Amino acid sequence: MTVYAIIGGTGLTQLEGLTLKDSLSLDTPYGAPSAPIQRGEFAGREVLFLARHGHPHRFPPHQVNYRANLWALKQAGAEAVLAVNAVGGIHAAMGSGHLCVPHQIVDYTWGREHTYFAGDIDHVTHIDFSHPYDEVLRQKLVAALQALGHPHSSHGVYAATQGPRLETVAEIAKLERDGCDIVGMTGMPEAALARELELPYACLSLVVNPAAGKSSGIITMAEIEQALHDGIGKVRAVLARVLVS
Ligand code: HPA
């Protein structure tokens, strides 16, 4: 049976329902991951869990050691990765509480350690990244969302921005013109690094606010936290459903 790793984002620094067996403090050639990897049983199945921002939440999106995180998960035995992220909604269908299983990414991040093919290496592999997410995993997430009846989009283009600040209205208008539906700060380089390690990877995005300019007011942390609080149970249920499928 495939060993799944779950990468929890903001609002999911701990996986409630995980019966912990070990906490693995691993080191990697890229440094330490954000937190020890938790190995345990979730929905009756062995899983690995990693809090992307650390537990408690310590690393902002541009300071997450994505290379160490993915490397450590692979070292711990992960064979597929389900990543959870909180996002802002750009497309009208992406209201707060909506869940999206993106099928494409546009990368607007900069200055992050974004590849394993760096430094003193004797070859560079240009990975194919036409379809950044693993379609089998995506379909498992979509099937779980359908079975649970949660409002969702089975496709969407994820704009990965640098953060930690939120975007301007003009930036969101530009992302919309670029064809992006949701915006978050952690989708890249995580997806590309997983591909470099040949780890099938898909993500489940929870919309926690309308993106800048998509509502009449400004974006507050209180609204984001409320949407996370309200939505994280659905996320957990979807993950559990995928694991038993
Ligand atoms: N923009 C970028 N990242 C985010 C947002 C947003 O509006 N909401 C949650 N993560």
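Residues numbered from 1 in each chain as written. Predicted model: local features only at pLDDT ≥ 70, side-chain atom pairs only at ≥ 80, totals over all residues. Heavy atoms only, no water.

Where an unreviewed UniProt entry is consulted, the protein appears under the name Probable S-methyl-5'-thioinosine phosphorylase, with the organism given as Pseudomonas knackmussii. For the record of the protein, the UniProt heading Subunit (unreviewed entry) holds the text "Homotrimer." As stated in UniProt under Sequence similarities (unreviewed entry), the record for the protein gives "Belongs to the PNP/MTAP phosphorylase family. MTAP subfamily." (UniProt positions renumbered as here; feature names shortened; annotations may be inferred.)

1. Some words on the pattern of salt bridges
Close approach of charged atoms lets side chains of opposite charge pair. Evaluated as defined, the whole model comprises 9 salt bridges. The closest approach of N and O atoms between Lys21 and Glu41, which form a salt bridge, is 3.7 Å. Of this pair, Lys21 sits in strand E2 (residues 19–24) while Glu41 sits in strand E3 (residues 37–42), and the two are 20 residues apart along the sequence. For Glu41, a relative accessible area of 34% translates into the label partly exposed. For Glu113, the salt bridge is made with Arg67, and the minimal N-O distance between the two is 3.5 Å. In this pair, Glu113 sits in the loop between strand E7 (104–107) and helix H2 (135–148) while Arg67 sits in helix H1 (residues 66–75), placing the two residues 46 residues apart along the sequence. (Salt bridge = Lys/Arg side-chain N within 4 Å of Asp/Glu carboxyl O. Helix = DSSP H or I, 4+ residues; strand = E, 2+ residues; numbered from the N terminus. Buried < 20%, exposed > 50% of the residue type's maximum accessible area, 1.4 Å probe, protein only.)

2. Digging into the nonpolar core
In this structure, Ile37, Leu48, Leu70, Leu73 and Tyr201 are the most contacted members of the largest nonpolar core, which totals 36 residues. Apart from the residues within four sequence positions on either side, Leu48 is in contact with Val3, Tyr4, Ala5, Ile6, Ile37, Gln38, Arg39, Leu73, Ala76, Gly77 and Ala78. With 33 residues, the next largest nonpolar core counts Leu18, Val84, Ala227 and Val238 among its residues. (Core = buried A, V, L, I, M, F, W, Y, C linked by side-chain atoms within 4.5 Å. Contact = heavy atoms within 4.5 Å.)

3. Regarding the site of the ligand
Taken together, Ala86, Val87, Gly88, Leu166, Glu167, Val183, Gly184, Met185, Val208 and Asn209 are the residues near the ligand. A distance of 3.4 Å is found between a nitrogen atom of the ligand and a backbone nitrogen or oxygen belonging to Ala86. Secondary structure elements with two or more residues in the shell around the ligand: strand E5 (80–89), strand E10 (182–184) and strand E11 (201–210). Top element by residues in the shell around the ligand is E5. It accounts for 3 residues. Grouping the constituent residues of the shell around the ligand by class yields 6 nonpolar, 3 polar and 1 charged. (Near = heavy atom within 4 Å. Polar contact = N/O pair within 3.5 Å; in protein donor to acceptor, adjacent residues only side chain to side chain. Nonpolar A, V, L, I, M, F, W, Y, C, P; charged D, E, K, R; others polar.)

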